[in-house]
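Chain and residue survey
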Amino acid sequence: MIVSLDTFAQVKVDKSVVTRFKTLFKKMDSSYQQKVTQLENDEPFIGISIFTTYQTDTLNRQDVINYGNDITIEDVIPNLDNIKESVIDENIYTPVFSRAELIKDTLYLSIGGPLSPNIKHKIHLRQVISQYDESYKYDSVLRLDLTDTKVSKLSIPIKTKKFLISTSSYNAGQVIYGQVEFETVPYYFETLGFKNNYIKKRLRCVYFFKVRVKKNST
């Protein structure tokens, strides 16, 4: 596992994210809406994020080897039917498990599952520190630099372009809404079908979240 430097950004309070989240919720497939509503009743401290953009830029498309067949590049994100990896198209309104935990005066947000792409935010004094983790259970296919050793789990620096939240105060049991926009630095994924056997990737995301704050008991 490689741990990279975190990226700081400023948190802005914007109560309009509540309305925008509710608007997006209504755009989701009705089956998702029903499952999320049931989840809120059964597990109140499991929230969701709705992705409006989840897009991987392939920065070395010129290196694709043409075997006479088209190559489809797919990315993964969990949904409520299956916490394992599943295919997501670009810009689809899809709910993703999310959690919020309050430790002293710091709010920790986690978006996604342990084996899937996982986004983490640490909010303190109107600043947010964020990181994006990508992992593969058995395959060492990731690296930040071509000179690095390939690993199965990588913490990738991100640039947070926007971080909006519905309130500046955080209390146990409180429901919080927000909007995040970020992109990662380029990184490398080992695969066939490309010259030198790697994809140079950059992930870009926009999502809205709704979470209920759980207080750490320790």
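For clarity, every value in this text was computed on a predicted model and none was experimentally measured. (Residues numbered from 1 in each chain as written. Predicted model: local features only at pLDDT ≥ 70, side-chain atom pairs only at ≥ 80, totals over all residues. Heavy atoms only, no water.)

For the rest of this paragraph, the subject is unusual backbone geometry. At Arg126, a position not held by glycine, the phi torsion is positive, near 65 degrees. Considering the arrangement of structural elements, one finds Arg126 in the loop between strand S6 (118–124) and strand S7 (127–135). Its identity is not glycine, yet Asn197 carries a phi of approximately 65 degrees, on the positive side. In this structure, Asn197 sits in the loop between strand S12 (187–190) and strand S13 (198–215). (Helix = DSSP H or I, 4+ residues; strand = E, 2+ residues; numbered from the N terminus.)

Counted at 1.5 Å a residue, the expected span for helix H2 (residues 30–42) with its 13 residues is 18 Å, and the 19 Å between its end C-alpha atoms agrees. All of the buried residues in H2 are Tyr32, Val36 and Leu39. Each buried residue of H2 lies within a common arc of 60 degrees when the element is viewed along its axis, so the set occupies one face. Turned more than 90 degrees away from the buried face of H2, the exposed residues are Gln34 and Asn41. Buried positions along H2 lie against helix H1 (17–27), strand S3 (47–58) and strand S4 (94–103). (Expected span 1.5 Å × (residues − 1). Buried < 20%, exposed > 50% of the residue type's maximum accessible area, 1.4 Å probe, protein only. Arc of directions from axis to C-beta. Contact = heavy atoms within 4.5 Å.)

To continue, consider the confidence of the model for the protein. With 82% of its residues at a pLDDT of 70 or more, the protein shows a mean pLDDT of 84. Below a pLDDT of 50 lies the segment residues 1–6, which in the model reaches 15 contacts outside its immediate sequence neighbourhood of four places, other chains included. Contacts for the low-pLDDT stretch residues 71–91, under 50 throughout, to residues beyond four places or in other chains number 57 contacts. (pLDDT = per-residue confidence, 0-100.)

Okay, the pairing of S12 next. Two strands pair when backbone bridges link them, and strand S8 (residues 142–143) and S12 are joined in this way by 2 bridges, in the antiparallel orientation. Bridge pairing links Leu142 to Phe189 in S12. When S12 meets S13, the two strands line up antiparallel, connected through 4 bridges. Opposite Phe189, over in S13, you have Ile199 as the bridge partner. (Pairing = 2+ DSSP bridges.)

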